[in-house]
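Each chain is listed here by its residues.
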Amino acid sequence: MAGANRSSEKHEGFEVPKVDVKFTKLFINGQFVDAVSGKTFETRDPRTGEVIARIAEGDKADIDLAVKAAREAFDNGPWPRMSGYERGRILHRFADIVEQHVEELAALDTMDAGKLFQVGKLFDVPSSVQLLRYFAGAADKVHGATLKMSQRMQGYTLKEPVGVVGHIVPWNYPTTMFFFKVGPGLAAGCTVVIKPAEQTPLSALFCAHLAKEAGVPDGVLNVVPGFGATAGAAIASHMDIDKVSFTGSTEVGRLVMEAAAKSNLKPVSLELGGKSPVIVFDDADVDMAVNLANMATFTNKGEICVAGTRIYVQEGIYDTFVKKAAEVAKRSVVGDPFNPHVHQGPQVDKDQYEKILKYIDMGKREGATLVAGGKPCGNKGYYVEPTIFTDVKDDMVIAQDEIFGPVMALMKFKTVEEAIQKANNTRYGLAAGIVTKNIDIANTVSRSIRAGAIWINCYFAFEPDAPLGGYKMSGFGKDMGMDSLDKYLQTKTVVTPLYNSPWL
Amino acid sequence: MYKARALLPGTLLHGRHRFSTAPAVVTGAAPNDEPIQPCVEIKHTQLLINGNFVDAASGKTFSTLDPRTGEAIARVAEGDAEDINRAVAAARRAFDEGPWPRMSAYERCRVLLRFADLIESHAEEIAALETWDSGKPLEQAAGAEVPMVARFVRYYAGWADKIHGLVVPADGPHHAQVLHEPIGVAGQIIPWNFPLLMFAWKVAPALACGNTVVLKTAEQTPLSALYVASLLHEAGVPEGVLNVISGFGPTAGAALCSHMDVDKLAFTGSTGTGKIILELAARSNLKPVTLELGGKSPFVVMDDADVDQAVELAHHAVFFNQGQCCCAGSRTFVHERVYDEFVEKSKARALNRVVGDPFRKGVEQGPQIDGEQFKKILQYVKSGVDTGATLVAGGERVGDRGFYVHPTDEMKIAQEEIFGPVQTILKFRGVEEVMRRANATPYGLAAGVFTRSLDVANTMARALRAGTVWINCYDVFDAAIPFGGFKMSGVGREKGPYGLRNYLQTKSVVTPIRDAAWL
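Fair warning: this is a prediction, and the values are worked out from it, not measured in the lab. (Residues numbered from 1 in each chain as written. Chains lettered and ligands numbered in written order. Predicted model: local features only at pLDDT ≥ 70, side-chain atom pairs only at ≥ 80, totals over all residues. Heavy atoms only, no water.)

A. Structural context of the overall build of chain A. Counting its secondary structure elements, chain A contains 14 helices and 23 strands. Taking 504 residues into account, the globule formula puts the C-alpha radius of gyration at 23 Å, and chain A, at 24 Å, falls close to it. Taken across its 504 residues, chain A has 60% of its residues classed as buried. Partitioning the contacts of chain A with sequence separation of at least 6, the portion at a separation of at least 24 is 75%. Approximately 19200 Å² of chain A is accessible, and the part contributed by carbon and sulfur atoms is 52%. Charged side chains of chain A number 56 positive and 60 negative; the gap between the two group centres comes to 3 Å. (Helix = DSSP H or I, 4+ residues; strand = E, 2+ residues; numbered from the N terminus. Rg over C-alpha atoms; globule rule 2.2 N^0.38 Å. Buried < 20%, exposed > 50% of the residue type's maximum accessible area, 1.4 Å probe, protein only. Contact = heavy atoms within 4.5 Å. Areas by Shrake-Rupley, 256 points an atom, 1.4 Å probe, with all protein chains shown as cover. Lys, Arg positive; Asp, Glu negative; His and termini not counted. Charge placed at Lys NZ, Arg CZ, Asp CG, Glu CD.)

As structure tokens, then:
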């Protein structure tokens with residue numbers, strides 16, 4: 001039986017910043033307003049399960065109002081009519097203002113999602129600022145092309161903003177996901193209706209306020225918290241939304257795509273789940289590989305789409321690896337995410353918590369061997385121990401399903417071909433890690449794995465300039481990088497006859 | 001022959017002239033006015049090497065003159081070969097060992113954005129320096145050029161973290177990456193007609209790509225670059241990344257072009273000097289060279305044009321910046337059906353042009369840059385008259401605006417770049433004829449076409465052998481729009497994403513792939 005992880009219930013001399021929840025209403029057309037129905041819903045603190053605040057609950061009627069505002073702002077407002085440079089200036093100001101509120105935003109996400117405060121402060125929110133600046137600088141660099149026509153014609157393409165964009169974002173990285181979507185959407189000249197996850201509405205509403213301060217015109221950015229089945233479905237089926245971009249589970253992704261098809265055939269991009277493999281070859285430095293795998297599975301309490309949760313270790317180092325991995329997992333401190341000494345906070349809510357425990361149970365029943373964790377942690381909130389299973393067969397549920405929690409499946413392999421075959425034996429294709437010193441293995445395996453992000457001797461190597469998106473049932477469309485702007489642009493080809501052109 | 005109505009001394013080699021009033025509606029100056037004293041302090045007059053303002057190795061200085069009077073504004077350190085050597089050494093160290101190329105592009109972007117903010121917060125000071133040193137109207141410097149400089153820097157700051165190479169499909173199992181790397185130490189030589197804008201066009205893309213720079217300013221206008229470079233250091237650029245040398249072409253300029261440790265050269269100036277630059281680069285280390293040279297750009301007015309609009313546009317196309325524009329629309333081709341009306345209206349417009357102290361509000365045209373240019377322009381005016389063109393306005397020494405009709409294509413004034421406020425109006429009959437004549441020049445920098453017809457616009461746009469074709473507009477510049485010449489107007493392009501290519505080296509990295517899953 002794995003030993004219990006230390007959980008720090010008492011405040012061991014760390015400060016919990018005082019966090020005021022200032023914005024709890026829907027943000028539509030530049031104003032914070034109640035829901036049409038007057039309804040509100042609770043958002044809870046996963047450290048305790050207690051209610052943080054009541055938030056206005058957007059539904060179809062509110063989405064309609066938001067879309068109306070966004071439509072007006074796009075069809076008649078200044079946003080798409082100002083130059084890319086001018087949009088970029090406003091987005092730069094937005095980034096500067098967000099940067100001034102890094103701690104507040106990080107604290108909101110910690111309270112709302114159980115994310116580590118230090119990481120939020122030092123990495124998550126600052127990298128959102130960097131990403132926004134990336135897109136601010138891209139706004140005046142959206143290029144069409146002049147074309148080679150074989151007829152006596154002149155042709156060129158224009159890249160135009162697609163119009164009103166609907167965004168549905170998840171709860172695991174509330175601020176980051178907000179800027180993943182809003183950054184390129186606004187830079188491209190579109191107007192946006194964004195529904196943050198019902199588990200984590202707080203930081204999105206705060207960012208809406210900051211956007212207004214930065215000079216984003218009314219109606220350009222609308223934030224409507226609410227539930228997927230109501231507000232989310234309303235976005236996906238809306239006849240006047242020109243594009244929908246969704247990040248979340250594969251199951252819900254299907255529903256979004258279906259609704260888009262059944263309504264106005266709005267183009268869809270989906271960033272969905274994953275069951276990403278990490279392949280460790282026997283020429284790897286074992287300690288480095290163990291830490292990498294640990295990070296790949298347990299970062300953000302496993303609530304990350306690109307989490308590396310299937311760890312394949314070549315047989316030569318397998319036994320040592322298992323031993324060390326279990327040790328590292330057991331040393332992990334699970335507790336209050338405001339505590340800078342804690343490695344892992346609580347799962348986001350009760351549903352997720354219970355789901356994870358069910359999967360752990362299934363793993364045991366299917367016959368996998370538990371070498372670390374496996375139990376809930378503490379007697380309050382939604383804490384789960386970092387858990388490692390070995391002797392996992394490829395067809396076990398815990399090897400196929402995305403658990404979205406701190407659960408690692410550790411498996412052995414012999415040859416390169418076997419590793420590739422096992423790695424690809426999944427309906428998902430979001431990311432993969434490769435640990436090796438050998439140039440040929442690195443090149444061959446990276447080309448052979450069907451996944452959108454391949455991280456060699458590193459993991460979570462996110463970059464504003466590096467496009468991120470899945471293969472297969474992990475979705476389609478890219479976030480980040482110049483490629484992500486394509487989601488928010490239409491390509492229009494313009495052709496005129498040419499007379500007496502000296503060249504063709 | 002009509003005399004100019006508003007009189008202004010151009011530059012003079014001695015003494016000081018007074019302005020006299022134009023009796024026309026818009027007045028540039030009152031009689032016997034003193035030139036307005038600019039209230040800006042000249043903070044930097046030394047060379048900027050490795051983050052420090054220093055004297056020239058020789059200790060020499062030279063005067064930079066006020067074009068309104070020909071008098072010295074300040075004495076500035078005179079850089080020569082030894083100073084160039086020191087500057088290149090600093091730039092080399094900063095590139096090979098210093099932080100600038102090694103920091104992330106995002107961090108470079110942040111420095112450049114801070115630089116743009118500092119330019120904006122010191123805009124008044126910078127514009128005043130620029131007007132004082134170059135004679136361009138303050139309204140132009142402050143209202144257009146300084147904001148354009150900030151815009152320009154921000155544009156390239158935004159490219160820094162987006163510089164991509166390619167991964168290309170080889171015909172075989174090889175992984176081929178094409179990396180775009182900073183090229184190294186860039187030598188840049190800029191002219192006096194747009195001192196600060198030219199500074200930005202050169203320095204911004206070079207720095208955004210991670211290079212280090214040695215910049216030689218024009219001897220006529222050394223001041224604004226030194227000041228703005230100090231702001232760049234305030235923004236956090238490491239020492240040695242930007243070095244600014246004031247000095248003369250045959251000494252400092254030649255030393256930079258011939259330097260064996262400069263990886264890239266970029267020059268904007270006359271075609272004559274451009275040839276020398278290219279030669280020196282070839283004789284030394286074959287450093288790649290981009291050249292932005294002269295022009296004799298045609299401005300074509302079709303018979304369907306709105307004559308009033310065409311007159312105004314053509315007027316600005318040639319007279320903007322005292323006519324000191326490489327892309328000035330200096331051959332105005334007008335369709336015979338509208339020729340007479342066009343000439344009458346252009347004459348009236350030219351006579352109304354407000355010439356005066358560039359520090360005074362409402363002045364459209366200041367003095368020419370210096371005595372040498374001034375003399376040259378008047379020689380061209382005389383040549384025009386001597387070869388039989390009709391001078392209908394200006395042309396006087398003090399008025400210094402020539403305005404010609406009925407010249408022929410072969411006249412010097414129709415062939416050679418005057419670089420002054422001299423408009424030459426030629427008559428044509430048909431589209432094919434004007435295309436042929438517009439292209440009959442060794443230059444090819446820009447062109448303007450004024451027409452309502454979609455087809456004429458498209459055909460002419462393609463037929464004109466020039467790097468920029470402006471349709472129903474002129475002198476529309478933006479950071480995103482590439483600019484450069486065909487033929488003897490230059491080699492290469494600046495601005496837009498093309499500006500980056502000048503400052504990047506291309507490296508192909510090839511590795512075999514074993515057991516490729518796809519090719």
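Structure shown, so let's carry the discussion forward.
B. How the structure looks around the environment of G345 of chain A. Residues and elements named next belong to chain A. Assignment of secondary structure puts G345 in the loop between β14 (334-335) and α11 (350-366). The exposure class assigned to G345 is buried, which follows from its relative accessible area of 2%. Between the alpha carbons of G345 and L116 there is a distance of 6.3 Å; along the sequence they are 229 residues apart. Here G345 is in contact with G114, L116, K301, G335, P337 and Y383, once residues within four sequence places are set aside.

C. Up close: the domain arrangement of chain B. Residues and elements named next belong to chain B. Considered domain by domain, chain B is made up of domain 1 (10-35 + 295-471) and domain 2 (47-294). For domain 1 and domain 2, the distance between their C-alpha centres works out to 31 Å. Carbon and sulfur atoms make up 59% of the area that domain 1 and domain 2 hide from each other, which totals about 2200 Å². When the buried area of domain 1 at its contact with domain 2 is split by residue, P358, F359 and I369 rank highest and sum to 30% of it. One can count one salt bridge joining domain 1 with domain 2. (Domains from an automatic or database assignment. Buried area = accessible area lost by both parts, 1.4 Å probe. Salt bridge = Lys/Arg side-chain N within 4 Å of Asp/Glu carboxyl O.)

D. Spotlight on the UniProt feature "active site" (unreviewed entry) in chain A. Residue and element names in this part refer to chain A. Sites flagged by UniProt as "active site" (unreviewed entry) map to E271. Looking at the element boundaries, E271 is found in strand β11 (residues 268-271). Taking the relative accessible area as the measure of exposure, E271 reaches 3% and is therefore buried. Excluding its chain neighbours within four sequence positions, the residues that come into contact with E271 are F246, T247, G248, C305, L430, S474 and D479. (UniProt positions renumbered as here; feature names shortened; annotations may be inferred.)

E. Structural context of helix α8 (residues 271-283) of chain B. Residues and elements named next belong to chain B. For α8, which comprises 13 residues, the first-to-last C-alpha distance of 19 Å matches the rise-based estimate of 18 Å (1.5 Å per residue) to within 8%. The complete set of buried residues in α8 reads T271, G274, I277 and A281. Projected down its long axis, α8 carries its buried residues within an arc of 105°, all on one side. In this structure, α8 carries K275 and R283 as exposed residues pointing more than 90 degrees from its buried face. Where α8 is buried, its residues touch β7 (185-189), α7 (249-258), β10 (264-268) and β11 (289-292). (Expected span 1.5 Å × (residues − 1). Arc of directions from axis to C-beta.)

F. Examining the interface of chain A and chain B more closely. Contacts between chain A and chain B engage 30 residues on the former and 29 residues on the latter. Taken together, the two surfaces of chain A and chain B that pack against each other cover about 2900 Å², and 52% of this comes from carbon and sulfur. By the criterion of area lost to chain B, the three top residues of chain A are Y85, K141 and R447 of chain A, representing 24% of everything that side buries. Between R110 of chain B and E99 of chain A there is a salt bridge; the shortest N-O distance is 3.9 Å. Applying the counting rule to chain A against chain B returns 12 residue pairs in polar contact (both at pLDDT 80 or more). Counting residues per element, the ones that place at least two in the side of chain A that touches chain B are α2 (84-100), α4 (117-138), α14 (439-448) and β23 (489-497) of chain A. At six residues, the largest contribution of residues to the side of chain A that touches chain B is made by α14 of chain A. A breakdown of the residues in the side of chain A that touches chain B according to their chemical character gives 10 nonpolar, 11 polar and nine charged. (Polar contact = N/O pair within 3.5 Å; in protein donor to acceptor, adjacent residues only side chain to side chain. Nonpolar A, V, L, I, M, F, W, Y, C, P; charged D, E, K, R; others polar.)

G. Structural context of unusual backbone geometry. Positive phi is not limited to glycine here, since N300 of chain A has a value of about 55°. Note on placement: N300 of chain A falls in the loop between α9 (286-298) and β13 (308-314).

H. Expanded view of the environment of V16 of chain A. Along the chain, V16 of chain A falls in the loop between β1 (7-8) and β2 (26-28). Residues V16 of chain A and V407 of chain A lie 391 residues apart in sequence; the distance between their C-alpha atoms is 28 Å.

I. Seen up close, the UniProt feature "domain: Aldehyde dehydrogenase" (unreviewed entry) in chain A. As annotated by UniProt and renumbered to match this structure, "domain: Aldehyde dehydrogenase" (unreviewed entry) occupies residues 33-494 of chain A. As a span, residues 33-494 of chain A carries 40% helix and 21% strand, and end to end its C-alpha atoms are 43 Å apart.

J. Up close: the UniProt feature "active site" (unreviewed entry) in chain B. All names here are of chain B. Under the UniProt annotation, the feature "active site" (unreviewed entry) is placed at E292. Relative to the elements of secondary structure, E292 occurs in strand β11. Assessed through its relative accessible area of 4%, E292 is described here as buried. Those residues in contact with E292, other than ones at most four positions away along the chain, are F267, T268, G269, L445, F483, G484, G485, S489, R493 and E494.

K. Up close: empty space enclosed by the protein. For the coordinates displayed, the defined rule picks out 11 cavities of 30 Å³ or more. In this model, the largest cavity occupies a volume close to 90 Å³. Elements with a minimum of two residues in the lining of the largest cavity: α2 and α4 of chain A together with α4 (138-159) of chain B. With five residues, α2 of chain A is the largest single contributor of residues to the lining of the largest cavity. Split by residue class, the lining of the largest cavity holds four nonpolar, five polar and four charged. (1 Å grid on protein atoms, 1.4 Å probe; cavity = no way out; pocket = protein on both sides within 12 Å on 5 of 7 lines; lining within 4 Å. Points joined across faces, edges and corners; volume = space filled by probe spheres on them.)

L. Structural view of the layout of surface pockets. The calculated volume of the second largest pocket comes to roughly 1600 Å³. Surrounding the second largest pocket, 34 residues form its lining, T146 of chain A together with G467, I481, P482 and Y498 of chain B being those nearest its centre. Those elements that provide at least two residues to the lining of the second largest pocket are β6 (153-161) of chain A together with α14 (454-463) and β18 (468-471) of chain B. Take the lining of the second largest pocket: its biggest share by element is six residues, from β6 of chain A. Across the lining of the second largest pocket, the residue classes tally to 20 nonpolar, nine polar and five charged.

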